[in-house]
Amino acid sequence: CHACQHLTDETLQIAAEYGVNVAVLPCCQKDHDGWWKHLGKSMGLSIGALMDIIAAGKMLGWETGHTAGVRYQVKMKLMKESISLQNRMILCKAIARDGRDRKKDLAHEKLTQAYHRAHKVPNEKASELSTKDTLDVGASNPANS
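Keep in mind that what you see is a predicted model, and the values were worked out from it rather than measured. (Residues numbered from 1 in each chain as written. Predicted model: local features only at pLDDT ≥ 70, side-chain atom pairs only at ≥ 80, totals over all residues. Heavy atoms only, no water.)

1. As for the packing of helix H2 (residues 35-43) against helix H3 (residues 47-59)
Here is the rule: Axis definition: a line fitted to C-alpha atoms, limited for helices to the stretch in contact. Angles are taken between N-to-C directions and run from 0 to 180 degrees. Helix and strand assignments follow DSSP, with helices taken as H or I runs no shorter than four residues and strands as E runs no shorter than two, numbered in order from the N terminus. If an angle is under 35 degrees, it is roughly parallel; if it is over 145, roughly antiparallel; if it lies from 65 to 115, roughly perpendicular; otherwise it is oblique. Crossing handedness is defined as follows: a turn of the near helix away from the far one that is anticlockwise and smaller than a right angle gives a left-handed crossing, while the clockwise case is right-handed. Here a residue-residue contact requires only that any non-hydrogen atoms of the pair lie within 4.5 Å. Classes in brief: Ala, Val, Leu, Ile, Met, Phe, Trp, Tyr, Cys and Pro nonpolar; Asp, Glu, Lys and Arg charged; the others, Gly included, polar.
Where H2 contacts H3, the axes come no closer than 9 Å and their chain directions differ by 110°. It follows from the interaxial angle that H2 and H3 lie roughly perpendicular. As for how H2 packs across H3, the hand of that crossing is right-handed. Residues Trp 36, Lys 37 and Gly 40 of H2 lie in contact with H3, whose contacting residues are Ile 47, Leu 50, Met 51 and Ile 54. For the contact of H2 with H3, the class distribution of residues is 5 nonpolar, 1 polar and 1 charged.

Below you can see the structure in the form of structure tokens.
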């Protein structure tokens, strides 16, 4: 779908509600508050590129697609300007939320181990802590009591 800013947002929102794949070619990006335009300028990004990155980020949000039972794998592609002057395409692939994600589990395990090393949690105590306990890092740190 080749869509202006508000139609891009609405198309992505509807896709997330139904848990379907979607691709959009945003154009006519607007920053109604002016804050993003200033940030983009200071980062050397056009307002169009920055607003497209923000739109892609919304689809990566933790809750996006949750009610439809999906999460999104998001990619941005550049096309030839002869196809579209705003040559950025946002591709969103719906992936079923089928319980635990093995990559996420491994990353969480490594983060937990690093936390225990940094806070000198003894190995026997570290092995007793459950995943639920390690999610509330402040509660398991005696220094925060």
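2. Structural notes on the packing of aromatic side chains
Centre distance and the angle of the planes are the two values used to describe a pair of aromatic rings. Put simply, the test is: Only Phe, Tyr and Trp rings take part, Trp by its six-membered ring, and two of them pair if their centres are within 6.5 Å. Stacked means planes under 30 degrees apart, edge-to-face means over 60, and tilted covers everything else. Throughout this description, buried means an accessible area under 20% of the type-specific maximum (1.4 Å probe, protein chains only), exposed means over 50%, and partly exposed covers the range between.
Enumeration according to the criterion identifies 1 aromatic pair in this entry. Relative to Trp 36, the ring of Trp 35 lies with its centre 4.8 Å away and its plane at 90°, an arrangement referred to as edge-to-face. What makes Trp 36 partly exposed here is its relative accessible area of 34%.

3. Description of the packing of helix H1 (residues 5-18) against H3
Relative to each other, H1 and H3 sit at 15°, their axes nearing to 10 Å. The orientation of H1 relative to H3 falls into the category roughly parallel. For the pair H1 and H3, the sense of crossing is right-handed. Judged by residue contacts, Gln 5, Asp 9, Leu 12 and Ala 16 of H1 engage Met 51, Ala 55, Lys 58 and Met 59 from H3. Along the lines of polarity and charge, the residues of the contact of H1 with H3 split into 5 nonpolar, 1 polar and 2 charged.

4. Some thoughts on a nonpolar patch on the surface
As a reminder of what qualifies: What goes into a patch is any residue over 30% in relative accessible area without a salt bridge, connected to like charges within 9 Å or, for nonpolar side chains (Val, Leu, Ile, Met, Phe, Trp, Tyr), within 5 Å. With residues, only the protein chains shown are counted as cover, and all accessible areas are computed by Shrake-Rupley using a 1.4 Å probe. The salt bridge criterion pairs a side-chain nitrogen of Lys or Arg with a carboxyl oxygen of Asp or Glu, the two atoms within 4 Å.
Nonpolar side chains collect at one region of the surface, where Ile 14, Tyr 18 and Val 20 lie side by side and expose about 320 Å² of accessible area between them. Counting through the fold element by element, Tyr 18 comes out in helix H1.

5. A short note on the pattern of salt bridges
Scanning the entire structure with this criterion turns up 2 salt bridges. Linking Arg 88 and Asp 52 is a salt bridge whose minimum nitrogen-to-oxygen distance equals 2.6 Å. Of the two residues, Arg 88 is situated in strand E4 (residues 88-96) and Asp 52 in helix H3; the sequence distance between them amounts to 36 residues. What makes Asp 52 buried here is its relative accessible area of 1%.

6. Notes on the environment of Asn 87
Topologically, Asn 87 is positioned in the loop between strand E3 (70-78) and E4. For the pair Asn 87 and Ala 49, spaced 38 residues apart in sequence, the C-alpha separation works out to 9.6 Å.

7. A look at H3
In an α-helix, one full turn covers 3.6 residues, which means residues spaced three or four apart are oriented alike. Definition in use: Here the expected span of a helix is defined as 1.5 Å times the quantity of residues minus one.
With 13 residues, H3 ought to run about 18 Å at 1.5 Å a step, and its terminal C-alpha atoms sit 19 Å apart, in line with that. Burial in H3 covers these residues: Gly 48, Ala 49, Leu 50, Met 51, Asp 52, Ala 55, Ala 56 and Met 59. Where H3 is buried, its residues contact H1, strand E2 (22-27), H2, E3 and E4.

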